[in-house]
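Chain by chain, the residues run as shown.
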Amino acid sequence: MKISIENLSMTYPTGKRALQDISLKLESPNLIGLLGPNGAGKSTLMKLLVAGLLPTSGKIMLDDSPLLQDEKRLKGSLGYLPQSFGLYDELTVWQFLDYMAALKGISDSKDAIRKVIEATNLTEKRRSRIRTLSGGQRQRVGIAQALLGSPDLLIFDEPTVGLDPEERINFRNLFSQTARDKIVLLSTHIIEDVQSVCNQLIIINHGRVLFSGTPEELIALAQGHVGIIQLQAGQEVSSNHHITARVNTSQGVQCRIVSGDLPSFAQVVEPTLEDAYMYLIAGEGMEQ
Ligand SMILES: Nc1ncnc2c1ncn2[C@@H]1O[C@H](COP(=O)(O)OP(=O)(O)OP(=O)(O)O)[C@@H](O)[C@H]1O
């Protein structure tokens, strides 16, 4: 599967320009992390990709036909976990997934449900009513319904919200396995979620694409722009630099900073993915 996003813009009826002239190519197999601060436009992009919203201008091509012309095909090959997902509280996990399987037109639903229940570690909870589940378990049910029928395109809007660290690791592994022959696009605020598993990262801010490439390419952008400085009592970091960590030591305060222009006394260090992300996002307001 190949998705081509061409000059896509979205302005809400309120006049809010959520996306501005976005062009991107997504190809399977690929696990893609969509990163950006609150309000950057991530959910809007995802809703446009699942034809839940119509763009103001531009288009999305699914293989070689326009997405909106081929909505039926899209629905058959799509798994989507929206950011807020209404579950039917009185149904059991199995009943809910059975209902979702029927909506998706899956014929061998028993087998399909069993597979996603196992993948999301819900076997013990399959007969529990959804209202009795914890936040993390409910999130797992949301992920399970998206996986039903093994769709070629999976879109997860903040799938790891509400999951504890162990569950987050399990899900990272699950996304990575799932993406072996599919496109999985996941949005998150948590860099660790994408660090070890995504082969493509897309960073958006203020409705524009700031970066699309591999994690290594993102890190390379920040080379020479991350350093450690030691502050004496009463000394402050200039507002041109962005602090990513601050540790109190016996000699004073040690700060890790990212900056377009590191001070000469900074000890230059290798950037992490988080540093590189901060460099890119904060860079819009930094002196270069
Ligand atoms: N239905 C809507 N009507 C008007 N404005 C909207 C609507 N939905 C989103 N917006 C605005 O569009 C911008 C992008 O929102 P969007 O939800 O796509 O961002 P996001 O990156 O997903 O943010 P978050 O990480 O907080 O979920 C924001 O300024 C938001 O307030």
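Nothing here was measured: the structure is a model prediction, and the numbers come from that model.

Calculation rules
- Position labels on residues start from 1 in each chain and follow its written sequence.
- Note on the predicted model: pLDDT of at least 70 is required for a residue's local features to be given, and 80 or more for side-chain atom pairs to be given and counted; whole-chain, interface and lining totals, by contrast, use all residues.
- Excluding hydrogens and water, the side-chain values take into account all heavy atoms of the structure.
- Residues are classed as near a molecule or strand on a simple rule: at least one heavy atom within 4 Å of it.
- Polar contacts here mean pairs of N or O atoms no more than 3.5 Å apart (in protein, one a potential hydrogen donor and the other a potential acceptor; neighbouring residues in sequence count only if both atoms are side-chain atoms).
- Residue-level accessible areas treat just the shown protein chains as cover; the underlying method is Shrake-Rupley with a 1.4 Å probe.
- Where helices and strands are cited, they refer to DSSP runs of H or I of at least four residues and of E of at least two residues respectively, numbered from the N terminus.
- Each residue is assigned to one class: nonpolar for Ala, Val, Leu, Ile, Met, Phe, Trp, Tyr, Cys and Pro, charged for Asp, Glu, Lys and Arg, and polar for all the others, Gly among them.
- An automatic or database domain assignment provides the domain bounds reported here.
- Here, two residues are considered to be in contact whenever any of their heavy atoms come within 4.5 Å of each other.
- Once two parts are brought into contact, the accessible area they lose, counted with a 1.4 Å probe and summed over both, makes up the buried area.
- Take a side-chain nitrogen of Lys or Arg and a carboxyl oxygen of Asp or Glu: if they are within 4 Å of each other, that pair is a salt bridge.
- Note on ring pairs: Phe, Tyr and Trp rings are taken, using the six-membered ring of Trp, and paired if centres are within 6.5 Å. Classes follow the plane angle, with under 30 degrees stacked, over 60 edge-to-face and the rest tilted.
- Note on exposure labels: buried denotes an accessible area under 20% of the residue type's maximum, exposed denotes more than 50%, and partly exposed covers the range between, all computed with a 1.4 Å probe on protein chains only.
- For our purposes a nonpolar core is just a set of buried Ala, Val, Leu, Ile, Met, Phe, Trp, Tyr and Cys residues, chained together by side-chain atoms within 4.5 Å.

## What about the site of the ligand?
Link 1 in the chain: As a matter of local geometry, the ligand sits amid 15 residues, with Gly39, Gly41, Lys42, Ser43 and Thr44 nearest to it.
Link 2 in the chain: Contact distances for the ligand include 2.9 Å between an oxygen atom and a backbone N or O atom of Gly41.
Link 3 in the chain: Between Ser43 and the ligand, the recorded distance is 2.8 Å, taken from a side-chain N or O atom to an oxygen atom.
Link 4 in the chain: About the coverage of the ligand: the protein hides 68% of its 630 Å² of free accessible area.
Link 5 in the chain: If one sorts the elements of the shell around the ligand by residue count, helix α1 (residues 42–49) sits on top with three residues.
Link 6 in the chain: For the shell around the ligand, a count of residues per class yields four nonpolar, eight polar and three charged.

## Re the domain arrangement of the protein chain
Link 1 in the chain: Taken domain by domain, the protein chain holds domain 1 (2–214) and domain 2 (220–283).
Link 2 in the chain: Between the C-alpha centres of domain 1 and domain 2 the distance comes to 34 Å.
Link 3 in the chain: At the interface, 11 residues of domain 1 touch six residues of domain 2.
Link 4 in the chain: Overall, the association of domain 1 and domain 2 removes approximately 750 Å² of surface from exposure, summing both partners, and the carbon and sulfur fraction of that is 83%.
Link 5 in the chain: Per-residue buried area on domain 1 facing domain 2 is highest for Ile191, Ile203 and Leu210; these three make up 50% of the total on that side.
Link 6 in the chain: Taken together, the connections running from domain 1 to domain 2 amount to zero salt bridges.
Link 7 in the chain: Taken together, the links from domain 1 to domain 2 amount to zero residue pairs in polar contact (both at pLDDT 80 or more).
Link 8 in the chain: Counting residues per element, the ones that place at least two in the side of domain 1 that touches domain 2 are α7 (191–195), β9 (200–205) and β10 (208–213).
Link 9 in the chain: Looking at the side of domain 1 that touches domain 2 residue by residue, the class counts come to eight nonpolar, three polar and no charged.

## So, the packing of aromatic side chains
Link 1 in the chain: In total, this model carries four aromatic pairs according to the counting rule given.
Link 2 in the chain: On the basis of an interplanar angle of 35° and a centroid distance of 6.1 Å, the ring pair of Tyr88 and Phe96 is categorised as tilted.
Link 3 in the chain: Of the residues examined, Phe96 reaches a relative accessible area of 0% and is grouped as buried.
Link 4 in the chain: Considering the side-chain rings of Tyr88 and Tyr99, the 5.3 Å spacing of their centres and the 70° angle between planes classify their relative orientation as edge-to-face. Of this pair, Tyr88 sits in the loop between β6 (78–81) and α3 (93–103) while Tyr99 sits in helix α3, and the two are 11 residues apart along the sequence.
Link 5 in the chain: Its relative accessible area of 36% is what places Tyr99 among the partly exposed residues.

## Topic: the nonpolar core
Link 1 in the chain: Judged by nonpolar contacts, the single largest core of 50 residues is most densely connected at Leu31, Val93, Leu97, Leu148, Phe156, Ile203 and Leu218.
Link 2 in the chain: Here the element with the most residues in this core is helix α9 (residues 273–283); it accounts for six residues.
Link 3 in the chain: Mapped onto the domain boundaries, this core takes at least three residues apiece from domain 1 (2–214) and domain 2 (220–283).
Link 4 in the chain: Every residue in contact with Phe156, bar those within four places of it in the chain, is listed here: Met46, Leu81, Ile143, Ala146, Leu147, Phe175, Val184, Leu185, Leu186 and Ser187.
Link 5 in the chain: One finds Met10, Ile22, Leu26 and Leu67 within the second-largest nonpolar core, a separate group that totals 30 residues.

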